[in-house]
Amino acid sequence: MKIQHIFFDLDNTLWDHRRNAYLTIKDLFDKEEITLKYNIDFEAFHSVYHEINEKLWEQIRDGEIDKEYLRKHRFYDTFNRFGIDDLELSMFFEEHFLDKILNYNHLVEGAQYILDYLKAKDYTLHIISNGFQEVTERKCILSKIDHYFQTITSADSVGVRKPNSAIFEYSLGLSDAKKEESILIGDDWIADVIGAQNFGMDVIFFDVLNENKEVEDLKVIKHLLQIKEYL
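These numbers were taken from a predicted model, which means no experiment stands behind them.

Rules behind the numbers
Residues numbered from 1 in each chain as written. Predicted model: local features only at pLDDT ≥ 70, side-chain atom pairs only at ≥ 80, totals over all residues. Heavy atoms only, no water. Helix = DSSP H or I, 4+ residues; strand = E, 2+ residues; numbered from the N terminus. Rg over C-alpha atoms; globule rule 2.2 N^0.38 Å. Buried < 20%, exposed > 50% of the residue type's maximum accessible area, 1.4 Å probe, protein only. Contact = heavy atoms within 4.5 Å. Lys, Arg positive; Asp, Glu negative; His and termini not counted. Charge placed at Lys NZ, Arg CZ, Asp CG, Glu CD. Axes fitted to C-alpha atoms, helices over the stretch in contact; angles between N-to-C directions. Parallel < 35°, antiparallel > 145°, perpendicular 65-115°, else oblique. Left-handed = near helix turned anticlockwise from the far one by under 90°. Nonpolar A, V, L, I, M, F, W, Y, C, P; charged D, E, K, R; others polar. Polar contact = N/O pair within 3.5 Å; in protein donor to acceptor, adjacent residues only side chain to side chain. Core = buried A, V, L, I, M, F, W, Y, C linked by side-chain atoms within 4.5 Å. Domains from an automatic or database assignment. Phe/Tyr/Trp six-rings, centres within 6.5 Å; stacked < 30°, edge-to-face > 60°. Pairing = 2+ DSSP bridges. Buried area = accessible area lost by both parts, 1.4 Å probe.

A. Broad picture of the overall build of the protein chain. Secondary structure assignment for the protein chain yields ten helices and six strands. For 231 residues, the compact-globule formula gives about 17 Å, and the C-alpha radius of gyration of the protein chain, at 18 Å, lands near that figure. With the C-alpha coordinates of the protein chain rotated into their principal frame, the extents come out at 60 × 35 × 35 Å. Scored against the burial criterion, the 231 residues of the protein chain give a buried share of 48%. When contacts within the protein chain are restricted to residue pairs at least 6 apart in sequence, long-range pairs at least 24 apart make up 65% of them. Averaging the positions of the 27 positive and the 44 negative side-chain charges in the protein chain gives two centres separated by 3 Å.

B. Structural view of the packing of helix H1 (residues 17–31) against helix H3 (residues 42–61). Contact geometry of H1 with H3 gives a least axis separation of 11 Å together with a crossing angle of 130°. Considering their axes alone, H1 and H3 lie oblique with respect to each other. H3 is crossed by H1, and the crossing has right-handed handedness. Where H1 approaches H3, its residues Arg18, Tyr22, Ile25, Lys26 and Phe29 are matched on the opposing element by Phe42, Glu43, Phe45, His46, Tyr49 and His50. Looking at side-chain class alone, the contact of H1 with H3 contains six nonpolar, two polar and three charged residues.

C. Region of interest: the side chain of Ser182. Among the secondary structure elements, Ser182 is positioned in strand S4 (residues 182–186). Overall, the relative accessible area of 1% leaves Ser182 in the buried class. Within the structure, Ser182 has its side chain in polar contact with the backbone oxygen of Lys178 (distance 2.7 Å). Here Ser182 is in contact with Ile3, His5, Phe7, Leu172, Ala177, Met201 and Asp202, once residues within four sequence places are set aside.

D. Representation of the nonpolar core. Membership of the largest hydrophobic core comes to 45 residues, with the highest contact counts inside it found for Ile6, Phe8, Leu118 and Leu231. The element contributing the most residues to this core is helix H6 (residues 111–120), with five residues. Built from parts of two domains, this core gets at least three residues from each of domain 1 (5–15 + 107–229) and domain 2 (17–103). Setting aside anything within four residues of it in sequence, one finds Ile6 in contact with Leu118, Tyr123, Thr124, Leu125, His126, Ile183, Ile185 and Leu231. By size, the runner-up hydrophobic cluster in this structure holds 16 residues, among which are Ile167, Leu172, Ala177 and Trp189.

E. The arrangement of the packing of aromatic side chains in detail. Applying the stated criterion to the full structure yields 16 aromatic pairs. Note on Phe29 and Phe42: the rings are 5.1 Å apart at their centroids and 65° apart in plane angle, and the pair reads as edge-to-face. Highlighted residues: Phe29 in helix H1 and Phe42 in helix H3, separated in sequence by 13 residues. Both residues of the pair, Phe29 and Phe42, count as buried. Here the aromatic rings of Phe45 and Phe93 are separated by 6.3 Å at their centres, their planes lie at 55°, and the arrangement is tilted.

F. Molecular detail of the sheet that holds strand S2 (residues 124–129). The six strands lie next to each other as S3-S2-S1-S4-S5-S6, forming an open sheet whose pairing is parallel. Each edge of the open sheet is held by one strand with a lone partner, namely strand S3 (149–154) and strand S6 (219–221). Geometrically, the sheet is characterised by an average inter-axis angle of 20° between neighbouring strands, direction not taken into account. Where strand S5 (residues 202–206) meets S6, three bridges bridge the pair, whose relative direction is parallel. Looking at S6, one finds that Phe206 is bridged to Ile221. Sitting on the sheet, helix H7 (residues 133–142) touches S2 and S3, and the angle it makes with S3 is about 150°. Sheet contacts for helix H10 (residues 189–199): S4 and S5; angle to S5, the most-contacted strand, approximately 160°.

G. Representation of the domain arrangement of the protein chain within the structure. Taken domain by domain, the protein chain consists of domain 1 (5–15 + 107–229) and domain 2 (17–103). Computed from C-alpha coordinates alone, the two centres of domain 1 and domain 2 are separated by 26 Å. In total, about 1,500 Å² of surface goes out of reach between domain 1 and domain 2, with carbon and sulfur atoms giving 59% of it. On the domain 1 side of the interface with domain 2, the three residues burying the most area are Asn12, Trp15 and Phe132, jointly 40% of the side's total.

Put into structure tokens, the structure is as follows:
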């Protein structure tokens, strides 16, 4: 059947979470004079934060921890790595990070163009995100892309995260789409590619980190504009 519905992952597929998070943390870091107070280099701090945060999100995806654990530990564990055991400071960063990150709404390069392109070709567009419900919708609204999407599904709506098939089932039911006429576009190998394939849904892997997975017949793009090669 011809593809009619396109489901996008949000963070780092359309909404540039890596860039927006970097800028937000740098603002907090500078405002709190962390380098002056603790002699910590920002780039070193951010590198450790990124490593810890990515691991925690993998654990959330795999059902090993919940979002409360992530929110308590990502900055606490980062500061701890630099010998600073300060829960109050880490929770200050966490609370302000969640609030301030939405001051930055950079999109991944090519996102606006490809959304216009797909809309003009009469595809029906949707979001399936592993992010938090209250943040997912605000990201779409504040970055001015919410109007492109018929439905926005976040993991909190379903109680499970990609790659669990239940979130795909829920989102397709919400959009009244058949899996045979649907495709997912996402940057996470396990959550998006393995998740969609196990569900029986076509997928385009946005290989933004150059993982170069060797899988026969897999649709792969390195830039969002390459979506035009498939749709």
